[in-house]
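# Coordinate inspection notes
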Amino acid sequence: QDKSDSMQRMFSSNSSRYASSFSLVDQVYQYMIAGLQTAMDATDKACSSLSASALANEPDLEALNKKLIGTSLENLFTAIHTLTTCIQRFEACVREEILDDKLPESLRENCGESLYSFVGLLENSVAQALSFGISNCLQILAKVLKSRQKRTEFCPQDDILGMGAMGKVTPACTVAVGCIRAVHALCVSKLGEANIIPFMAEFGESIFQTLKQHFGSFTYNPQGALRLKRDLAEYTDVFKAVAAAGVSKSFEQLSEQANLLVVMPESIPDLVEEDLKISKSVVLFWIKLRADYKTAKLQDGQSFDAFFS
């Protein structure tokens, strides 16, 4: 009975913050999480120290990606990789060496359930750390996009936009796509195959929202809208290449909606009703970005606001 009680105490946990001297899982949890928290603190400090001017003035794209990804994710991913390996080894060792067939079945099941809960707690901490890393990465990327995206790229005058530029992605898009590829490569080397697609889906959804907000801060004429659609096609392709199909589809749909910036004003009602089939709030999001938003009239002479209100 004493042995059974001692075994139960080894796998019990009264707190996720304060380790019990009798609990094996508490002691291991505190040890493992300390390393992860150290990596998160160091990452947060490094990201805070990156100035917008240092990011804006970096001419080397490879060096820029190193600042962006290396600062926000690389050290954190290394810590997560180490932690994940330790979790797997610890669980395997406990099941093979401690929870063996010599234990009473009920005791083995109870301790096994406690071990399962313990591993779940660690995995939840890893998931929170990954979300933390994504947030830091996107904060830095937002600074880069803001500094490198020129307003004239999306609302050019005929004399400053050569036809050659129409088929090219913008420099800000080049940086963002490089970031996405670098994050995927880091996932492949550090997270393990089973975690790559879920992480890239979460990262992709976050970067989609960041970029949509970014695009919403510009004004577009038809030429510039075509440049935007070229960027959106690049994002569609890169997320398809890293197996984030849902994110790729989101960018494809965004590109279809961006046709609201390209067509003549009188064509917008038909485009909305027959092709896009989107809500008025989404329509207004786009048409308010048009350079002719305040002056353009529809076929019946109505303004955009009057028609879509």
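Residues numbered from 1 in each chain as written. Predicted model: local features only at pLDDT ≥ 70, side-chain atom pairs only at ≥ 80, totals over all residues. Heavy atoms only, no water.

## Brief notes about the overall build of the protein
Scanning the protein from terminus to terminus reveals 14 helices and 0 strands. Tracing the protein from N to C terminus, the helices and strands come up as α-α-α-α-α-α-α-α-α-α-α-α-α-α. Taking all 309 residues of the protein together, 42% fall into the buried category. Here the contacts in the protein between residues at least 6 apart in sequence split such that 72% fall between residues at least 24 apart. Accessible surface, the protein as shown: approximately 16,100 Å² in total, 52% of it carbon and sulfur. (Helix = DSSP H or I, 4+ residues; strand = E, 2+ residues; numbered from the N terminus. Buried < 20%, exposed > 50% of the residue type's maximum accessible area, 1.4 Å probe, protein only. Contact = heavy atoms within 4.5 Å. Areas by Shrake-Rupley, 256 points an atom, 1.4 Å probe, with all protein chains shown as cover.)

## Focus: helix H10 (residues 222-241)
Over its 20 residues, H10 runs 29 Å from end to end, which matches the ideal 28 Å to within 8%, given 1.5 Å per residue. Of all the residues in H10, the buried ones are Gly-224, Ala-225, Arg-227, Leu-228, Lys-229, Asp-231, Leu-232, Tyr-235, Thr-236, Val-238 and Phe-239. Just downstream of H10 lies Ala-243, where phi reads positive at about 65°. (Expected span 1.5 Å × (residues − 1).)

## Digging into the packing of aromatic side chains
Think of a pair of aromatic rings as described by two things: how far the centres are apart, and how the planes are tilted against each other in angle. Enumeration according to the criterion identifies 12 aromatic pairs in this entry. Each ring, one from Tyr-293 and one from Phe-304, has its centre 6.3 Å from the other, and the planes form 5°; the classification is stacked. Here the residue Tyr-293 occupies a position in the loop between helix H13 (280-287) and helix H14 (304-308), and Phe-304 occupies one in helix H14, the gap between them amounting to 11 residues. Tyr-293 gets classed as buried once you look at its relative accessible area, which sits at 16%. In textbook terms, an aromatic cluster arises when at least three aromatic residues are bridged by ring pairs, as seen for Phe-154, Phe-208, Phe-215, Phe-218, Tyr-220, Tyr-235, Phe-239 and Phe-251. (Phe/Tyr/Trp six-rings, centres within 6.5 Å; stacked < 30°, edge-to-face > 60°.)

## A short note on a negative patch on the surface
A contiguous patch of negative charge on the surface is contributed by Glu-252, Glu-256, Asp-270, Glu-273, Glu-274 and Asp-275. Sorting the residues of the negative patch by element identifies helix H11 (245-257) and helix H12 (268-276) as the ones contributing at least two each. The biggest single contributor to the negative patch is H12, with 4 residues. Along the polypeptide, Glu-274 turns up in helix H12. (Patch = residues over 30% accessible without salt bridge, like charges linked within 9 Å, V, L, I, M, F, W, Y side chains within 5 Å. Salt bridge = Lys/Arg side-chain N within 4 Å of Asp/Glu carboxyl O. Lys, Arg positive; Asp, Glu negative; His and termini not counted. Charge placed at Lys NZ, Arg CZ, Asp CG, Glu CD.)

## Quick look at the packing of helix H8 (residues 171-190) against helix H9 (residues 193-215)
Each pair of packed helices can be described by the angle between their axes along with the distance between the axes. Orientation of H8 relative to H9, taken along the N-to-C sense of each, is 155°, at an axis distance of 10 Å. Taken as axis vectors, H8 and H9 run roughly antiparallel relative to one another. Relative to H9, H8 is oriented so that their crossing is right-handed. Seen from H8, the contacting residues are Cys-179, Ile-180, Val-183, His-184, Cys-187 and Val-188; seen from H9, they are Ile-196, Phe-199, Met-200, Phe-203 and Ile-207. A class-by-class count of the residues in the contact of H8 with H9 yields 10 nonpolar, 1 polar and no charged. (Axes fitted to C-alpha atoms, helices over the stretch in contact; angles between N-to-C directions. Parallel < 35°, antiparallel > 145°, perpendicular 65-115°, else oblique. Left-handed = near helix turned anticlockwise from the far one by under 90°. Nonpolar A, V, L, I, M, F, W, Y, C, P; charged D, E, K, R; others polar.)

## Some points on the nonpolar core
Ranked by internal contacts, the top residues of the largest apolar core, which has 92 residues, are Phe-199 and Phe-203. Among the elements that make up this core, the one with the highest residue count is helix H5 (residues 105-148) (16 residues). What Phe-203 contacts, discounting residues up to four positions off in sequence, is Ile-134, Cys-137, Leu-138, Cys-179, Ile-180 and Val-183. (Core = buried A, V, L, I, M, F, W, Y, C linked by side-chain atoms within 4.5 Å.)

## Thoughts on helix H4 (residues 61-98)
Taking 1.5 Å as the rise per residue, H4 with 38 residues should run 56 Å; its terminal C-alpha atoms sit 52 Å apart, in good agreement. Gly-70 marks where H4 bends most, by close to 55°. Two or three places before Glu-62, at the start of H4, stands the capping residue Asp-60, its side-chain oxygen 2.9 Å from that residue's backbone nitrogen. (Bend = angle between axes of the 7 residues up to and from the residue. Polar contact = N/O pair within 3.5 Å; in protein donor to acceptor, adjacent residues only side chain to side chain.)

## As for the confidence of the model for the protein
Scored by pLDDT, the protein comes out at a mean of 86, with 88% of its residues at no less than 70. Overall, residues 15-20 carries pLDDT values under 50, and its contacts beyond four positions in sequence, including any with other chains, amount to 12 contacts. (pLDDT = per-residue confidence, 0-100.)

## Remarks on the environment of Val-175
Mapped onto the secondary structure, Val-175 falls in helix H8. Val-175 sits 31 residues away from Val-144 along the chain, and the two C-alpha atoms are 8.1 Å apart. When sequence neighbours within four positions are dropped, the list of residues in contact with Val-175 reads Leu-61, Leu-64, Asn-65, Val-144 and Arg-148.

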